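# A closer look at the structure
Spelled out, the chains give:
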Amino acid sequence: MSELITIHNLHKSFGDNHVLRGVDLSVERGEVVCLIGASGSGKSTLLRCINYLEQKDEGTIEFEGKSILPKAKSIKELRQKVGMVFQHFHLFPHKTVLENVMEAPVHVKGVSKKEAIAEGKQLLDKVGLQDKYEAYPSSLSGGQQQRVAIARALAMKPTLMLFDEPTSALDPELVGEVLDTMKQLAKEGMTMIIVTHEMGFAREVANKTVFMHDGVIIEGGPSKEFFANPKELRTKEFLGKVL
Ligand code: ADP
Ligand code: MG
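Please read all numbers here as calculations on a predicted model, not as lab measurements.

Turning next to the side chain of Lys56. Within the secondary structure, Lys56 is located in the loop between α1 (43-50) and β4 (58-63). It turns out Lys56 is buried and unbridged, and the closest side chain with the opposite charge, Asp57, is 9.1 Å from it. A distance of 3.2 Å separates a polar side-chain atom of Lys56 from the backbone oxygen of Gly59. Here Lys56 is in contact with Leu10, His11, Lys12, Cys49 and Ile61, once residues within four sequence places are set aside.

It is worth spelling out empty space enclosed by the protein at this point. Taken as a whole and assessed by the stated rule, the structure comprises one cavity of 30 Å³ or more. There is about 30 Å³ of room inside the largest cavity. Residue lining of the largest cavity: Val101, Met102, Pro105, Ala116, Glu119, Gly120 and Ala155, and that is the complete set. At the level of secondary structure, the elements contributing two or more residues to the lining of the largest cavity comprise α3 (97-107) and α4 (113-126). Residues that form the lining of the largest cavity fall into these classes: five nonpolar, one polar and one charged.

The topology assignment puts Gln146 in helix α5 (residues 142-154). Excluding its chain neighbours within four sequence positions, the residues that come into contact with Gln146 are Val85, Phe86, Gln87, Phe89, Pro166 and Val178.

So, on to the packing of α5 against helix α6 (residues 172-187). Here α5 crosses α6 at 20°, and the two axes come no closer than 8 Å. The angle between α5 and α6 places the two elements in the roughly parallel class. In terms of crossing hand, the pair formed by α5 and α6 is right-handed. Contacts between α5 and α6 involve Gly142, Gly143, Gln144, Gln146, Arg147, Ile150 and Leu154 from the first element and Leu174, Glu177, Val178, Thr181, Met182 and Leu185 from the second. When its residues are assigned to classes, the contact of α5 with α6 shows six nonpolar, five polar and two charged.

So, about the sheet that holds β4. Taken in spatial order, the four strands make up an open sheet running β2-β1-β4-β5, and their pairing is antiparallel. A strand with exactly one partner marks an edge of an open sheet, and here the two such strands are β2 (17-28) and β5 (66-67). Both strand β1 (residues 3-14) and β2 contribute to a ladder of nine bridges, which runs antiparallel. Each bridged residue has a counterpart across the sheet, and for Ser13 the counterpart in β2 is His18. Running over the sheet, α1 touches β1, β2 and β4 and is turned about 120° from β1.

Now for the site of ligand 1. Around ligand 1 sit Phe14, Asn17, Val19, Ala38, Ser39, Gly40, Ser41, Gly42, Lys43, Ser44, Thr45 and Glu54, and that is every residue in its neighbourhood. At a separation of 3.2 Å, an oxygen atom of ligand 1 approaches a polar backbone atom of Ser41. In the complex, 59% of the free accessible area of ligand 1, which totals 550 Å², lies under the protein chains. Contributions of two or more residues to the shell around ligand 1 are made by β2 and α1. Ranked by residues supplied to the shell around ligand 1, first place goes to α1 with three residues.

Quick notes on the rules
- Residues numbered from 1 in each chain as written.
- Chains lettered and ligands numbered in written order.
- Predicted model: local features only at pLDDT ≥ 70, side-chain atom pairs only at ≥ 80, totals over all residues.
- Heavy atoms only, no water.
- Helix = DSSP H or I, 4+ residues; strand = E, 2+ residues; numbered from the N terminus.
- Buried < 20%, exposed > 50% of the residue type's maximum accessible area, 1.4 Å probe, protein only.
- Lys, Arg positive; Asp, Glu negative; His and termini not counted.
- Salt bridge = Lys/Arg side-chain N within 4 Å of Asp/Glu carboxyl O.
- Polar contact = N/O pair within 3.5 Å; in protein donor to acceptor, adjacent residues only side chain to side chain.
- Contact = heavy atoms within 4.5 Å.
- 1 Å grid on protein atoms, 1.4 Å probe; cavity = no way out; pocket = protein on both sides within 12 Å on 5 of 7 lines; lining within 4 Å.
- Points joined across faces, edges and corners; volume = space filled by probe spheres on them.
- Nonpolar A, V, L, I, M, F, W, Y, C, P; charged D, E, K, R; others polar.
- Axes fitted to C-alpha atoms, helices over the stretch in contact; angles between N-to-C directions.
- Parallel < 35°, antiparallel > 145°, perpendicular 65-115°, else oblique.
- Left-handed = near helix turned anticlockwise from the far one by under 90°.
- Pairing = 2+ DSSP bridges.
- Near = heavy atom within 4 Å.
- Areas by Shrake-Rupley, 256 points an atom, 1.4 Å probe, with all protein chains shown as cover.

See the structure below:
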């Protein structure tokens, strides 16, 4: 395996709120990393800095061996390779499911409509929504909407997928279908960074779990070992509360 993304000494403040305080993290190709930590510890900010939805203050992010320059072209290229799935699905409400999935390939990448339709249908089949091409998001369950959001992100053929608490807004009975979709992607070798409170999923599916506290990564390692043998006191305290 080779490193897909390497983050070094990342800092980010909002006003005088110093949120990221020197984050180091590297993810290899094909690796699934779960990022856990208390609310407010900076997990979403870290993901948002990775695809430049937020501008970092300090530190370096290397993607595919190259530093990302804070230039529009460089950021646009990066965003095409990094898919993101949010807690609240952010689908276009006035577009059908298939139109949602086709939007970026057609309008950002210039893929032909015909090709986008064929690929979009394939992706929707893959996430188990073969009977929903023409449905509108509001007619779907939360779990179905999140699977559309995943298909939509995959439509750009990303190299890296970022998930920010993809199941936190779902009714408990709908969590499993979204986790299963992510598990499938992991099996296919997709590189993923997943912020989650689903500790069972992290332990089972993630190659690596990392714990963030107050804007730094306290510890991380192979998931089985991480959960069986956390080393730092703050990790133990956190796991004590959530497990
Ligand atoms: P987490 O995802 O771990 O819950 P966040 O990254 O969302 O944590 O937030 C970390 C801190 O950064 C919080 O104090 C939050 O209020 C602050 N923060 C996040 N985004 C912004 C923003 N756009 N503007 C100002 N403060 C922000
Ligand atoms: Mg968050």
